[in-house]
Amino acid sequence: MTPTSEPTARLWPGEGAIARLACLVLQPVLTRVVRRVAARHPSLFARLGPHQATDFLIDPVELPFALHLRPDPQALVFRAVPRDAAPQAGATIRGRFLLLLELIDAEQDGDAAFFSRDLEVSGDTEAVVRLRNALDDMDGSLAEETSAMFGPAGRAVLARLRRAYPDATKPREYA
């Protein structure tokens, strides 16, 4: 796969410290989310077959951290990691945060995002396709379900995120 022109250098001084702090704050939320998803949607993991043991790195480019996912129901991992401490991934999915969120809920066409270079996929593409197909087969919205776990505040945060990113597929421009 051809990489996009996303910058890999730090965007501002202290980004590493901000990333570590954000990861610490987010971890309890991510743990709760992944446990709930695993309990409510076991077929999601079964559809991944041998790719349950694949380490996925999901990289929302405008955030100071990435997400490490290993969808193995026996050793489930979903954690925020500073980019400079990210594990070796079998597959990497990189794009703007809301685009990634919309791809989870099949609100955006992953192929179109990939070919327009708004989404970068590298590593084991078969694992990424299996993950995408498993998510596409889910009933309902995983984002809505996750936000509902946190009550009115969670739903408000999701609504705010969606308003803050009016066009997730619009390419970013860098100076």
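The structure we're discussing is the one just above.
It should be emphasised that the depicted structure is a prediction, and the values quoted were computed from it without experimental measurement.

Q: Would you mind showing me how to read the pattern of salt bridges here?
A: In a structure, side chains of opposite charge can pair up when their charged atoms sit close to one another. Across all of its chains, the model carries eight salt bridges by this definition. In this structure, E120 engages R94 in a salt bridge whose closest nitrogen and oxygen atoms are separated by 3.1 Å. Highlighted residues: E120 in strand β5 (residues 119-123) and R94 in strand β4 (residues 91-95), separated in sequence by 26 residues. Between D136 and R132 there is a salt bridge whose closest N-O contact spans 3.7 Å. Here the residue D136 and the residue R132 both occupy positions in helix α5 (residues 125-136), the gap between them amounting to four residues, near one helical turn. According to the relative accessible area criterion, D136 is partly exposed, its value standing at 33%.

Q: I'm lost on the environment of L101 in this one. Help?
A: Position of L101 relative to the elements: it lies in helix α3 (residues 97-104). Note on L101: relative accessible area 14%, which makes it buried. As a C-alpha pair, L101 and L161 span 60 residues in sequence and 10.0 Å in three-dimensional space. In this structure L101 touches A143 and L158, once residues within four positions along its chain are discounted.

Q: Explanation requested: the side chain of H51 in the structure shown.
A: Along the chain, H51 falls in the loop between α2 (42-46) and β1 (56-60). At 3.4 Å, the side chain of H51 forms a polar contact with the side chain of E126. If near-sequence neighbours (up to four positions away) are discounted, H51 is found in contact with F56, P71, D124, E126, A127 and R130.

Q: I keep staring at the side chain of T92 and nothing clicks. Help me out?
A: Along the chain, the position of T92 falls in strand β4. Look past the residues within four positions of T92 in its chain and what remains in contact with it is L57, E120, V121 and S122.

Q: Got a minute to help me understand α3 in this structure?
A: For the α-helix, the turn length of 3.6 residues means that residues three or four positions removed from each other point alike. Counting buried residues in α3 gives six out of eight residues, a clear majority hidden from the surface. Among the residues making up α3, those that are buried are L98, L99, L100, L101, E102 and L103. Among the structural elements, β1, β4, α4 (110-115), β5, α6 (142-148) and α7 (151-164) are those in contact with the buried residues of α3. Following α3 by one or two positions, A106 has its phi on the positive side, about 60°.

Cut-offs applied
Position labels on residues start from 1 in each chain and follow its written sequence. Local features in this predicted model are restricted to residues of pLDDT 70 or higher, and side-chain atom pairs are both shown and tallied only at a pLDDT of 80 or more, whereas totals for entire chains, interfaces and linings draw on every residue. Only hydrogens and water are removed before side-chain values are computed, so all heavy atoms of the structure are retained for them. The salt bridge criterion pairs a side-chain nitrogen of Lys or Arg with a carboxyl oxygen of Asp or Glu, the two atoms within 4 Å. A run of H or I in DSSP becomes a helix once it reaches four residues, and a run of E becomes a strand once it reaches two; helices and strands are each numbered from the N terminus. Throughout, exposure labels follow a simple rule: accessible area from a 1.4 Å probe, protein chains only, divided by the maximum for the residue type, with under 20% read as buried, over 50% as exposed, and the rest as partly exposed. What makes two residues a contact is simply this: any of their non-hydrogen atoms within 4.5 Å. What qualifies as a polar contact is a pair of N or O atoms within 3.5 Å, subject to a donor-acceptor requirement within protein and to the restriction that residues adjacent in sequence count only when both atoms come from side chains.

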